[in-house]
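Structural description and commentary
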Amino acid sequence: SYGEAIKVEVSSDTQVRLERLDAVGAKFMLHRGLLVADVKPKSGRVVQIGADNSDALAETRDGRLHVLSDGKGTVQAAVTRGQATVTAQGKTVDVKAGFQTAVRPGQLPQAPMVLPTSLLLKIRWPRVAVTSKRRHLITGTTNPGAQVRIGDTVVTADSRGRFQAVIVLHEGQNRVQVQALDVLGRVKQSTSPPIELDTRAPSHAVHTDPDMWTRDPE
């Protein structure tokens, strides 16, 4: 905390740096992950949160502000107490408690929307138990803007909540893990049914007659 006026929380795997800390408040730059800043009302402090690869800037003077960034230019901001502003491409939107907005690369902030009451995660797994293909496309739906980790790959759900990624199986049995994280820090996980990768060529026995090479006398 900062003089009990500002409290900051970060989720696991979050990368963030402090750019300014003074008598007025603090500014953070979020590379990837989820940062939550809580500013005590009437404290006179202000917190600003920017994001790498984006011109989006979220700011609050009396609220609890959640900012989620994928590090590639997509930023989502939500408010659970008080209010905040989000500015991008020269436009500012006001976000009050219970609402969220999103900024996609090179775009204006979206009109604030009511926060979803829960986190959705539905996966379309490959419909095979045994396969000789190493690469498979995984698709699914979750909350718009949520970050989804599929194996070692992290993607951001689009404005309709859709996402996809290609996984690479290893020889033998595989269980693919998928985890979704939304702007409120809610996490949902799903594990695939067993998928066995078998790339070994089938064995072909060749049977010969011992006498087939014997030449008949002329």
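Calculation criteria
Residues numbered from 1 in each chain as written. Predicted model: local features only at pLDDT ≥ 70, side-chain atom pairs only at ≥ 80, totals over all residues. Heavy atoms only, no water. 1 Å grid on protein atoms, 1.4 Å probe; cavity = no way out; pocket = protein on both sides within 12 Å on 5 of 7 lines; lining within 4 Å. Points joined across faces, edges and corners; volume = space filled by probe spheres on them. Nonpolar A, V, L, I, M, F, W, Y, C, P; charged D, E, K, R; others polar. Pairing = 2+ DSSP bridges. Helix = DSSP H or I, 4+ residues; strand = E, 2+ residues; numbered from the N terminus. Axes fitted to C-alpha atoms, helices over the stretch in contact; angles between N-to-C directions. Buried < 20%, exposed > 50% of the residue type's maximum accessible area, 1.4 Å probe, protein only. Patch = residues over 30% accessible without salt bridge, like charges linked within 9 Å, V, L, I, M, F, W, Y side chains within 5 Å. Areas by Shrake-Rupley, 256 points an atom, 1.4 Å probe, with all protein chains shown as cover. Salt bridge = Lys/Arg side-chain N within 4 Å of Asp/Glu carboxyl O. Contact = heavy atoms within 4.5 Å. Core = buried A, V, L, I, M, F, W, Y, C linked by side-chain atoms within 4.5 Å.

By the definition in use, this model includes three cavities of 30 Å³ or more. Estimates place the volume of the largest cavity at around 40 Å³. Forming the boundary of the largest cavity are Gln76, Gln100, Pro116, Asn143, Pro144, Asp182, Val183 and Arg186. Of the residues assigned to the lining of the largest cavity, the class counts are three nonpolar, three polar and two charged.

So, about the sheet that holds strand S12 (residues 121-124). Taken in spatial order, the three strands make up an open sheet running S12-S14-S17, and their pairing is antiparallel. Strand pairing shows two members of the sheet lacking a second neighbour, S12 and strand S17 (162-168), which therefore form its edges. The mean inter-strand angle of the sheet, taken between neighbouring strand axes irrespective of direction, is 25°. As judged from the four bridges shared by S12 and strand S14 (residues 135-142), these two strands associate in the antiparallel manner. Bridge pairing links Lys122 to Thr141 in S14.

This part is about the sheet that holds strand S21 (residues 195-197). Spatial ordering of the open sheet is given by S13-S21-S18, a layout of three strands whose pairing is mixed. Every interior strand has two partners, whereas the edge strands, strand S13 (130-131) and strand S18 (172-174), have only one.

Right, let's get into the pairing of strand S3 (residues 25-39). Burial of S3 is extensive: twelve of the 15 residues sit out of reach of the surface. Two strands pair when backbone bridges link them, and strand S1 (residues 6-10) and S3 are joined in this way by five bridges, in the antiparallel orientation. Bridge pairing links Lys7 to Asp38 in S3. Here six bridges tie strand S2 (residues 15-21) to S3, and the two strands are oriented antiparallel to one another. By the bridge assignment, Leu18 is partnered in S3 with Phe28. The loop that links S2 with its antiparallel partner S3 comprises three residues.

Attention now moves to a nonpolar patch on the surface. Nonpolar side chains collect at one region of the surface, where Val8, Val10 and Val16 lie side by side and expose about 210 Å² of accessible area between them. Note that Val10 resides in strand S1.

Among the secondary structure elements, Thr60 is positioned in strand S5 (residues 57-60). Exposure remark for Thr60: the relative accessible area of 2% places this residue in the buried category. With near-sequence residues (within four places) excluded, Thr60 lies in contact with Val39, Arg45, Val46, Val47, Leu65, Gln83 and Ala84.

Judged by nonpolar contacts, the single largest core of 24 residues is most densely connected at Val47, Ile49, Leu65, Val67 and Val86. Where this core is concerned, the elements lending two or more residues are S3, strand S4 (46-51), strand S6 (64-69), strand S7 (75-81), strand S8 (83-88) and strand S9 (91-96). In contact with Val67, other than residues within four places in its own chain, are Leu30, Gly33, Leu34, Leu35, Ile49, Ala58, Val75, Gln76, Ala77 and Val183. Residues Ile123, Val155, Val176 and Ala180 belong to the second largest nonpolar core, which totals 17 residues.

A separate point is the pattern of salt bridges. Applying the stated criterion to the full structure yields twelve salt bridges. In this structure, the salt-bridge partner of Arg17 is Glu19, at a minimum N-O distance of 3.6 Å. On the basis of relative accessibility, which here comes to 44%, the residue Glu19 falls in the partly exposed class. For Arg200, the salt bridge is made with Asp198, and the minimal N-O distance between the two is 3.0 Å. Note on Arg200: relative accessible area 61%, which makes it exposed. Sharing partners across several salt bridges, the network here consists of Glu9, Asp38, Arg64 and Arg81.

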